[in-house]
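# Per-entry structural report
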Amino acid sequence: MKPVSFEYVRPATVREAISILGANPDAKILAGGQTLGPMLNLRLAQPTLLVDITRIPQLVRVDETADVLTLGACITHASIEDGRVPDIGDRVLARVARGIAYRAVRSRGTIGGSLAHADPAADWLSLLSALDACLLLHGRSGERAVPLTSFVTGPMMTDLAPDDLVVAVRIPKLNRTARIGYNKICRKTGDFADAIGVAVYDPERKSLRLVAGSVGGAPIVIDDISPPLAGQTDGRAKCLDSVRSRLQSAGLGADVYELSIHTATLQRALDEVLPA
Amino acid sequence: MNLKNKPLNVGIGASVPRKEDDRYLRGQGQFVGDVRLPRMHDVAFLRSPVAHGCIRRVIIPDDIRHVVFIAEDLVGVAPIRADTTLPGFKSSVQPILATGKVRYVGEPIALCIAPTRAEAEDHVQRIVVEIDELPAIHDMLEGRAAGSALVHDHWGDNLFLTTAIDANFAALTAAATHKVTREYRTARQVMSPLEGRGVVAQWDSRVGQLIVHSSTQQPHIVRSGLAECLGLDEGQIRVIAPDVGGGFGYKGVLLTEEVALGWAARKLGMPLRWLEDRRENLTAGADCREHHYIVTAYASADGRLLALDCEATVDSGAYSAYPFSACLEAGQIGSILPGLYDFPHYRCKTYSVATNKPPILPYRGVARTGVCFALEVTLDALARELGIEPAALRANSLVQPEQMPFDNIAKRHFDSGDYPEALRRAVTMIGLDKVRGRQRNGETDGRRIGVGLAMYSEQAGHGTSVYAAWGIPMVPGYEQCTARFTPDGALELRIGAHSHGQGLETTLSQVAHSILGVAHDRIKLVHGDTALTPYSTGTWGSRCMIMSGGAVAAACDELATRLKHVGAKLLQTAVADVRLQDGAVIGPRGRIGVADIARTWYRRPQDLPADADASGLEVTAGYKAKRDTGTFSYAAHAVVVAVTPGTGEVEILDYVVVEDGGVLVNPMIVDGQIIGGVAQGIGTALYEEMPYDTRGQPLASTFADYLLPGPTEMPNIRIDHMETPSPYTRFGQKGLGEGGAIAPPAAITNAINDALSTLGVELLVSPITPRRIVEAVEAAKPRSAKPRAAA
């Protein structure tokens, strides 16, 4: 399990990286290498050139406005976990980062790399889909912003062009009253999730947005269920029935186990955010 | 650590910190992968991509033909044969590189050499193998059926061996008012030591020796096997097992890769290295454990086990592995299945089935883990049928202490123990009554609590008579130790077994210290090198504390006699008047330390009288237990689990082990063995599974697919020791290295079934995965309660 021979370059700017990618159709972008590394060793990826983007200053930049946090693509999960970059409120990003794989993976793995790879079982994909985040992509034709929910087209499939680079992710900050519930079911600690449930609830705006992740493709976004009203005794049960039927119509009904665990993670995420 | 021991005792019974940990914990161990030799090249193997087929052609590009070797190149190399003399056994011939047919995915076809492993893998990629694929025997029951495709064409069927035991079964009477029948499957597993296999082979022209560094538990057996396959005298081969990163049975087998590298290193005059990678380990190397059972158990109305009737099948894989053979698992099932119980009627038939999978190998607990699962889960089902506590059925049926030593219904000779006491302690420790109370009240979080028990015994250090009856390539006889004082008065112990996690560098030092009084820092254990150590069948079967411990004691006893002779001369007194105590020979008028005696013997012989005994301070002594049928350590495991029926999540809330390993040489090391074994047992119970598709393709090729429990999956394990000495061993010690891995699948399954019994759910498979729980819960629901299927 050793990789094929390849060349290695480490560009200093985004522009340089994009021109190298444009000139080398067999090149692969190396960020944290936590997925690409094993794929190289297993020879599932056999690139002629690795383009290491981790030393590009622009890709570790953080921009913050009153409403939006923009994190450079090469910011590691560990930086987020440790609070070395700002959060969007309620320490949501740090909490989710802490549950990604193992610390060794978090020390090298990057938020941009994870999103570009678009593994359905990855945490950022589910969480940031629920938060309506945008990716900033840089390609030959310049920079563009793509909502994450349209960026991902299937399991490990995106609308990223071969010479596109994910530059940053733009995450809306949480409204003051908003709460986020996040739950995942893994066979063991650090393992890829079999089901991820995210609930974003804002009582002030009376909005509820749910995401079921690790569903084999792009996350399932459910944003047309009304949150139960305070004091409504069977509100939560009704809400859950709606969730279950949405999951079924999204194609999860055929497998009783899949339906059960995705319903369970969403229920637990809801329990975190809905008033008792 | 056991604080009951007197603080000054550092001999037998003391929790002495492990001597070997200093280098391991500092990362200073030296493993095969650390061996660096001038001009050493790396090897990668081209392996079969199909499970079963005929090789039509191997096309090797001309520019690499000289660094690629296939079967036809291996002139003068014999295949591996691991036959038994059991009646009806069919012999398999395992080629070093596949010839004619391939019989499992991963079987080596070509050996490729390059300066680095990456380049060797480049060679592998460039070779084209044309194979006419044949139907794969991917399932042992299908392989057993008439008309199945054949792994070995000339056999006529796929049965390595069939065995049958019948002890008075037909006499079963109407007193057997209750019976249950259950069918079980245990997954194929893969042993996963931290370090995989690895070989560095070189031909040393000065000494005329093939020197093989191998990550093995059995250096002397590997030497014998290599000599047979390569046609060399054993003296022309030296096998060195340096630090070995975990064995568990996987390092107790002669590999085709070892033979191939030995041949090529000699042929090319160039050191060669092959380090197994994890994909090879998972898909082509370390298979174990896959069993199928149909068990019927009978009880009387007053809750006593009366009879067992069993048909067991083991998926043995394609070849009989050297030296333990293809039948070590199935062949032992008949004798293990009665467990710790005393009952009058018994019948058991077993089948060792050849399939298109890698050869099945012995893994910690060998056969017992599956057998314990089949028996103990059946007993819980029987208890439910009787409407009594599973603990009560066991208590009614266990062999009683006053029956010891006891010959059981399968002619196994239990040496000593108090099984009912172990059960009582486990029931008390786990708080059975409290758990039952909690179950009646229910859980506020919707989970269900269950409690499960399992008991087993572990035959250890069984020797000549047992293995002679098997007639496999290896029969253990007398275990030997060379003990010698060095001129500075330090002590060397040389053994042919190997220590790779068992802590023998510490425990054998404790044995020697107890006899000779030499301090631990002056005792060195030499092991893992056929050139430096006496012959041994190696480390397996939980035998080392019994056999190597006995041999160390025998050699040290003889050294003590010689020390007393020389010491008495130096003290100018009669040998009858001296004694050896606290590291000194003590006479009526003075004392002399053993180090001074050694220094005098080697470096100041002028001080010895003319009539001194000439035999010296170096001894090789052999040892066999008083009976070679083995010791039987035993344990009761009890576990409490919480199960979430809707998601299949299982949390282990409490886990207790009551273990009797006879006299414990080092209780701390024993605790470590138990905890490590239970971790592996939890893997068997809940995580580990190597699935195959219908074409015989292994479906888990990384640890992302083959799940092992990690530290966060481990509960805190509470251990209680009983110490019933074995009447047959030197210090009353019993072997217990494997036991921890035997009972967890049974205990955890019983606990899960207990938790889910009110839902009508019973799981009879390992591992019990969340998916299996959810599907079983769903299947047990009454029709009306099932959610509507999606449109």
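Below is a short write-up of the structure.

Cut-offs and rules
Position labels on residues start from 1 in each chain and follow its written sequence. Chain letters and ligand numbers both follow the written order, the letters beginning at A and the numbers at 1. For a predicted model such as this one, the threshold for reporting local features is a pLDDT of at least 70, and the threshold for listing and counting side-chain atom pairs is 80 or more; totals across whole chains, interfaces and linings nevertheless cover every residue. Side-chain figures throughout are based on the complete set of non-hydrogen atoms in the structure, without hydrogens or water. Every helix listed is a DSSP run of H or I at least four residues long, and every strand listed is a run of E at least two residues long, numbered separately from the N terminus. With a 1.4 Å probe rolled over the protein chains alone, any residue whose accessible area is under 20% of its type maximum counts as buried; one over 50% counts as exposed, and the rest are partly exposed. Any pair of residues with heavy atoms lying within 4.5 Å of one another is described as a contacting pair. All accessibility values rest on the Shrake-Rupley procedure with a 1.4 Å probe; residue burial counts only the protein chains present in the view. Positive charges come from Lys and Arg, negative ones from Asp and Glu, while His and the chain ends are left out of the count. The atom standing in for a charge is NZ when the residue is Lys, CZ when it is Arg, CG when it is Asp and CD when it is Glu. Among the buried residues, those of types Ala, Val, Leu, Ile, Met, Phe, Trp, Tyr and Cys that are joined through side-chain atoms within 4.5 Å form a nonpolar core. A pair of strands is considered paired only if DSSP assigns at least 2 bridges between the two. Accessible surface is computed with a 1.4 Å probe, and the buried area is the amount of it that two parts give up when combined, taken over both parts together. Should a side-chain nitrogen of Lys or Arg be within 4 Å of a carboxyl oxygen of Asp or Glu, the pair is scored as a salt bridge. Polar contact is the term for a pair of N or O atoms within 3.5 Å; when the atoms are in protein, one must be able to donate a hydrogen and the other to accept it, and sequence-neighboring residues count only if both atoms are side-chain atoms. Axes, fitted as lines to C-alpha atoms, cover a helix only where it is in contact. Angles between the N-to-C directions of the axes lie from 0 to 180 degrees. Left-handed is the label given to a crossing in which the near helix is rotated counterclockwise from the far helix by less than a right angle, and right-handed is the label when the rotation is clockwise. By definition in this entry, angles of less than 35 degrees are roughly parallel, angles greater than 145 are roughly antiparallel, angles of 65 to 115 are roughly perpendicular, and the rest are oblique. All residues other than Ala, Val, Leu, Ile, Met, Phe, Trp, Tyr, Cys, Pro, Asp, Glu, Lys and Arg, Gly among them, are scored as polar; the first ten of these are nonpolar and the last four charged. One fewer than the residue count of a helix, multiplied by 1.5 Å, yields its expected span.

## Comments concerning the overall build of chain B
Within chain B, the secondary structure is distributed over 18 helices and 31 strands. For chain B, the residues scored as buried account for 63% of the 791 residues in total. Sequence-distant contacts in chain B: of pairs separated by 6 or more residues, those separated by 24 or more amount to 79%. Of the roughly 28400 Å² of accessible surface on chain B, a fraction of 51% belongs to carbon and sulfur atoms. For chain B, the distance from the average site of its 79 positive side-chain charges to the average site of its 89 negative ones is 2 Å.

## Quick look at the nonpolar core
All names here are of chain B. Among the nonpolar cores identified, the biggest contains 90 residues, and L111, L226, V259 and L261 are the most heavily contacted of them. Setting aside residues up to four positions removed in sequence, L226 forms contacts with V212, G231, I237, V239, L254, E258 and V259. Counting residues in each nonpolar core, the second largest holds 62 residues, with V371, A381, V399 and M404 among its members.

## Here we look at the pairing of strand β16 (residues 305-317) of chain B
Residues and elements named next belong to chain B. By the criterion of burial, β16 is predominantly enclosed, with 12 of the 13 residues buried. With nine bridges connecting them, strand β15 (residues 291-299) and β16 associate as antiparallel partners. Residue pairing across strands places A297 opposite L308, the latter belonging to β16. Taking the residues between adjacent antiparallel strands as the criterion, β15 and β16 are bridged by five residues, where G303 takes a positive phi near 80°.

## Considerations on the interface of chain A and chain B
When the parts come together, some accessible area is lost, and that loss is often what is quoted as the size of the interface. Tallying the contact residues gives 24 residues for chain A and 30 residues for chain B. Both faces considered, chain A and chain B share a buried interface measuring about 2200 Å² in area, 54% of it formed by carbon and sulfur atoms. If you sort the residues of chain A by the area they bury against chain B, M1(A), R187(A) and Y257(A) come out on top, with a joint share of 31%. Between the two partners, chain A and chain B, sit five salt bridges. The residue E121(B) makes a salt bridge to R43(A) at a minimum N-O spacing of 3.6 Å. At the junction of chain A with chain B, the criterion picks out 13 residue pairs in polar contact (both at pLDDT 80 or more).

## Description of the packing of helix α13 (residues 504-516) of chain B against helix α14 (residues 544-570) of chain B
Residues and elements named next belong to chain B. One way to put it is that α13 packs onto α14 with a least axis distance of 9 Å and a crossing angle of 35°. Seen from above, α13 lies across α14 with right-handed handedness. Every residue of α14 that contacts α13 at L504, T507, L508, V511, A512, I515 and L516 is listed here: C544, M545, S548, G549, V552, A553, C556, D557, L559, A560 and L563.

## A short note on the environment of L375(B)
Residues and elements named next belong to chain B. Considering the arrangement of structural elements, one finds L375 in helix α8 (residues 368-386). Here L375 falls in the buried class, since its relative accessible area comes to 3%. In sequence terms L375 and M455 are 80 residues apart; their C-alpha atoms lie 9.5 Å from each other. Other than its neighbours up to four places away in sequence, L375 contacts L308, L337, P338, G339 and Y341.

## Focus: the packing of helix α9 (residues 235-252) of chain A against helix α10 (residues 256-273) of chain A
The axes of two packed helices give the description: the angle between them and the distance between them. All names here are of chain A. Where α9 meets α10, the axes come as close as 10 Å, and the angle between the chain directions of the two elements is 140°. Between α9 and α10, the interaxial angle falls into the category oblique. Remark: the crossing between α9 and α10 carries right-handed chirality. Counting all contacts with α9, which are made through R236, C239, L240, V243, R244, L247, Q248 and L252, the residues of α10 involved are E258, L259, H262, T263, L266, Q267, L270 and D271. Broken down by class, the residue content of the contact of α9 with α10 amounts to eight nonpolar, four polar and four charged.

## Topic: the sheet that holds strand β11 (residues 209-214) of chain B
Residues and elements named next belong to chain B. The strand order β3-β5-β1-β13-β10-β11-β12 describes an open sheet built from seven strands, whose pairing is mixed. Strands with a single pairing partner mark the edges of an open sheet, and in this sheet they are β3 (68-70) and β12 (237-240). Between one strand and the next, the sheet's axes are offset by a mean angle of 25°, whatever the strand orientation. Where β11 and β12 come together, four bridges link them in parallel fashion. Of the residues in β12, the one forming a bridge with L210 is I237. Along the sheet face, helix α2 (residues 117-126) touches β1 (41-47), β5 (108-114) and β13 (272-275) and points at about 30° away from the line of β1.

## What to know about α14(B)
Every α-helix winds through 3.6 residues per turn, so residues three or four apart in the chain are directed the same way. Residues and elements named next belong to chain B. Here α14 contains 27 residues, and its C-alpha end-to-end distance of 36 Å stays within 8% of the 39 Å for a straight helix at 1.5 Å per residue. Here α14 lies mainly inside the structure; 19 of its 27 residues are buried. The positive-phi residue at the C-terminal boundary of α14 is Q572, with phi of around 55°.

## Notes on the pairing of strand β10 (residues 165-172) of chain A
Residues and elements named next belong to chain A. Burial analysis of β10 places six of its eight residues in the buried class, which makes it a mostly covered element. Summarising the sheet, strand β5 (residues 68-72) and β10 pair through five bridges and their orientation is antiparallel. Residue L71 lies in a different strand from β10, and its bridge partner there is V169. Where strand β6 (residues 134-139) and β10 come together, five bridges link them in antiparallel fashion. Bridging across to β10, L135 finds its partner in V169.

## Topic: the sheet that holds strand β2 (residues 27-30) of chain A
Across a sheet, paired strands are connected by hydrogen bonds in the backbone, their directions being either parallel or antiparallel. Residue and element names in this part refer to chain A. On the basis of which strands lie adjacent, the open sheet formed by three strands has the order β1-β3-β2 and parallel pairing. The open sheet is flanked by β1 (7-9) and β2, the only strands paired with a single partner. Across this sheet, the average inter-strand angle for adjacent strands is 25°, counted without regard to direction. Pairing of β2 with strand β3 (residues 49-52), which is carried by four bridges, proceeds in the parallel orientation.

## Concerning the side chain of N753(B)
Structurally, N753(B) is set in helix α17 (residues 744-756). In this structure N753(B) touches V377(B), R384(B), V761(B), E762(B) and L763(B), once residues within four positions along its chain are discounted.

## Here we look at the pattern of salt bridges
All names here are of chain B. A full pass over the atoms with the stated rule returns 80 salt bridges over all chains. K90 serves as the salt-bridge partner of D157, at 2.8 Å between the closest nitrogen and oxygen. With D157 in the loop between α3 (140-144) and β7 (159-167) and K90 in the loop between β3 and β4 (101-102), this residue pair connects regions lying 67 residues apart in the sequence. Overall, the relative accessible area of 28% leaves D157 in the partly exposed class. Judged by its relative accessible area of 21%, K90 falls in the partly exposed class. Here R188 and E290 are joined by a salt bridge, their closest N and O atoms 3.0 Å apart.

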